[in-house]
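Residues per chain, in single letters:
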Amino acid sequence: MKLETLGRHILIEYYNCDEEVLKSPEIIEKHMNEAARIANATIVNSVFHHFNPYGVSGAVIISESHLAIHTWPEYGYAAVDVFTCGDKINPWTAFDFLEKMFGASRSESIEVPRGMTEKIKKFHPEGENLGKIVFKPDAE
């Protein structure tokens, strides 16, 4: 049986990254937006914050969910979430691109299915009456 979900969520740990890249909100924002584009996502907005003395947190909001990051340049470490919905996006494309752009010598990741349709039907009061569950229903 094929697992049907609304989305895919990749939790990523990048290690031994370029510390100068991880310090720069401008560079991080550029790479995160490009990762969204090459993964075929539709960018809605992005916001990034630089912490004193260093470190960056930010998110790229996409029509299909989001990409988020928190960096610790002093450790060469970045934690990234790539959460996508629908069938047109491959979140692993963003993963590969960011690994290269951050200069990570090692990474670890896990993919978590989000919005498992069988569970939505099981727990929703309307249950099976929901019909086919899709990422973006047709507008009425």
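What counts as what
Residues numbered from 1 in each chain as written. Predicted model: local features only at pLDDT ≥ 70, side-chain atom pairs only at ≥ 80, totals over all residues. Heavy atoms only, no water. Phe/Tyr/Trp six-rings, centres within 6.5 Å; stacked < 30°, edge-to-face > 60°. Helix = DSSP H or I, 4+ residues; strand = E, 2+ residues; numbered from the N terminus. Buried < 20%, exposed > 50% of the residue type's maximum accessible area, 1.4 Å probe, protein only. Salt bridge = Lys/Arg side-chain N within 4 Å of Asp/Glu carboxyl O.

(A) Inspection of the packing of aromatic side chains at higher detail. Evaluated as defined, the whole model comprises five aromatic pairs. Relative to Phe 95, the ring of Tyr 14 lies with its centre 5.8 Å away and its plane at 25°, an arrangement referred to as stacked. On the criterion of sequence distance, the pair formed by Tyr 14 in strand β1 (residues 5–15) and Phe 95 in helix α3 (residues 91–101) is long-range, its members being 81 residues apart. For the residue pair Tyr 14 and Phe 95, the accessibility class agrees, reading buried in each case. Note on Trp 72 and Tyr 77: the rings are 5.4 Å apart at their centroids and 40° apart in plane angle, and the pair reads as tilted.

(B) Focus on the pattern of salt bridges. Enumeration according to the criterion identifies six salt bridges in this entry. A salt bridge links Arg 8 to Glu 111; its shortest N-O distance comes to 2.6 Å. Here Arg 8 is found in strand β1, whereas its partner Glu 111 is found in strand β6 (residues 106–116), with 103 residues between them in sequence. On the basis of relative accessibility, which here comes to 27%, the residue Arg 8 falls in the partly exposed class. Glu 64 is paired through a salt bridge with Lys 88; the nearest N and O atoms lie 3.5 Å apart. Linking Glu 64 in the loop between β3 (56–62) and β4 (65–72) with Lys 88 in the loop between β5 (77–85) and α3, this pair joins segments that are 24 residues apart in sequence. Residue class for Glu 64 comes out buried when judged on its relative accessible area of 4%.

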